[in-house]
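# Fold and contact review
The primary structure of each chain is shown beneath.
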Amino acid sequence: MSFDIKTHIRAIHDYPKPGIVFRDITPLLADGVAFQQTIMQLAERYRPLQLTRVVGIEARGFIFGTALAYALGVGFVPLRKPGKLPGSTLEQRYQLEYGEDALQMHDDALTADDRVIIIDDLLATGGTVLAAVDLVRQTQAELLECAFVISLTDLPGPSRLQRAKIPYYTLCEF
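Residues numbered from 1 in each chain as written. Predicted model: local features only at pLDDT ≥ 70, side-chain atom pairs only at ≥ 80, totals over all residues. Heavy atoms only, no water.

### A few points about the overall build of the protein
What the protein contains, in helices and strands, is 5 helices and 9 strands. Counted from the first residue to the last, the protein has its helices and strands arranged as β-β-α-α-β-α-β-β-β-β-α-β-α-β. Against the globule reference of 16 Å for 174 residues, the protein gives a C-alpha radius of gyration of 16 Å, in line with a compact fold. Reported as C-alpha extents along the three principal axes, the dimensions of the protein are approximately 40 × 40 × 30 Å. Going through the 174 residues of the protein one by one, you find that 45% of them count as buried. Here the contacts in the protein between residues at least 6 apart in sequence split such that 57% fall between residues at least 24 apart. Put simply, the protein has 17 plus and 21 minus side-chain charges, and the middle of one group is 2 Å from the middle of the other. (Helix = DSSP H or I, 4+ residues; strand = E, 2+ residues; numbered from the N terminus. Rg over C-alpha atoms; globule rule 2.2 N^0.38 Å. Buried < 20%, exposed > 50% of the residue type's maximum accessible area, 1.4 Å probe, protein only. Contact = heavy atoms within 4.5 Å. Lys, Arg positive; Asp, Glu negative; His and termini not counted. Charge placed at Lys NZ, Arg CZ, Asp CG, Glu CD.)

### Topic: unusual backbone geometry
In the segment running from Y15 into P16, the intervening peptide bond is cis, with an omega of 5°. Residue position: P16 is located in the loop between β1 (10-13) and β2 (21-24). A cis geometry characterises the amide bond from E58 onward to A59, with omega recorded as -5°. Positioned with a positive phi, Q50 is a non-glycine residue whose angle comes to about 55°. Following the sequence through the fold, Q50 ends up in the loop between α2 (32-46) and β3 (53-57). Classification of Q50 as exposed rests on a relative accessible area of 60%. Phi is positive for K165, which is not a glycine, with a value near 60°. Mapped onto the secondary structure, K165 falls in the loop between α5 (157-163) and β9 (168-173).

### Side note on the packing of aromatic side chains
Considering all chains together, one arrives at 5 aromatic pairs under this definition. Ring geometry for Y46 against Y169: centres 6.4 Å apart, planes inclined by 85°, an arrangement best described as edge-to-face. Here Y46, found in helix α2, pairs with Y169, found in strand β9; they are 123 residues apart in sequence, far enough to count as distant. Given a relative accessible area of 1%, Y46 falls into the buried group. Looking at Y169, the relative accessible area reads 22%, which means it is partly exposed. For the pair F62 and F76, a centre-to-centre distance of 5.7 Å together with 85° between the ring planes defines the contact as edge-to-face. One end of the pair, F62, is in helix α3 (residues 60-72); the other, F76, is in strand β4 (residues 75-79), and 14 residues separate them in sequence. Given a relative accessible area of 24%, F76 falls into the partly exposed group. The aromatic ring of F174 is capped on one face by K6, whose charged end is 5.0 Å from the ring centroid. (Phe/Tyr/Trp six-rings, centres within 6.5 Å; stacked < 30°, edge-to-face > 60°. Lys NZ or Arg CZ within 6 Å of the ring centre and 35° of its normal.)

### Quick look at the UniProt feature "transmembrane region" (unreviewed entry) in the protein
Per the UniProt record, the feature "transmembrane region" (unreviewed entry) sits at residues 61-79. Its end C-alpha atoms 9 Å apart, residues 61-79 is made of 63% helix and 26% strand. (UniProt positions renumbered as here; feature names shortened; annotations may be inferred.)

### What to know about the sheet that holds strand β8 (residues 142-151)
Hydrogen bonds along the backbone pair up the strands of a sheet, which may run parallel or antiparallel. Reading across from one edge, β4-β3-β7-β8-β9 is the order of the 5 strands in this open sheet, with parallel pairing throughout. Since the sheet does not close on itself, it has two edges, and those belong to β4 and β9, each with one partner. Neighbour-to-neighbour, the strand axes of the sheet open up by a mean angle of 20°, direction not taken into account. Bridge analysis of strand β7 (residues 115-123) against β8 gives 8 bridges, and the strand direction is parallel. Note on β8: the bridge partner recorded for I117 is E145. Sheet strands touched by α3: β3, β4, β7 and β8. Its angle to β7, the strand with the most contacts, is close to 140°. Lying on the sheet, helix α4 (residues 127-137) is in contact with β3, β4, β7 and β8; it crosses β7 at an angle near 165°. (Pairing = 2+ DSSP bridges. Axes fitted to C-alpha atoms, helices over the stretch in contact; angles between N-to-C directions.)

And the structure:
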């Protein structure tokens, strides 16, 4: 069965501000068959790699990450904004266009024995995923790849990952 994921992603112009084209995944999520096909495509790619965990970036990375972890029969590790996880955490700060943010993960979520991917819905500027990579690397886990449903090729995220020699995979590009 041929599946074109792009037909399930809506473009919303001038959101959240003029000149921006927002790529909305909610139609993809609302269509059970399209969402299932998306997860099946990702699972087909990652099943042979013998992952032990899928690491998802808050918040939309949780949607795809938990479904993929379930399909692969592996654990899921959430990367959250500060103050959202109970217990002891590791933290990685990163720069935003106007300020700074951070990601946290439980300090016992990954070990050097883990084989992981990091997943999020969208690769745009790359700042968040690069912080996620740095956070995972603090644990000595083996990072195999970063995965995205969408990559925006006119923004610097893809080239930043390439320059950092971080392998990534995306289901579609805009």
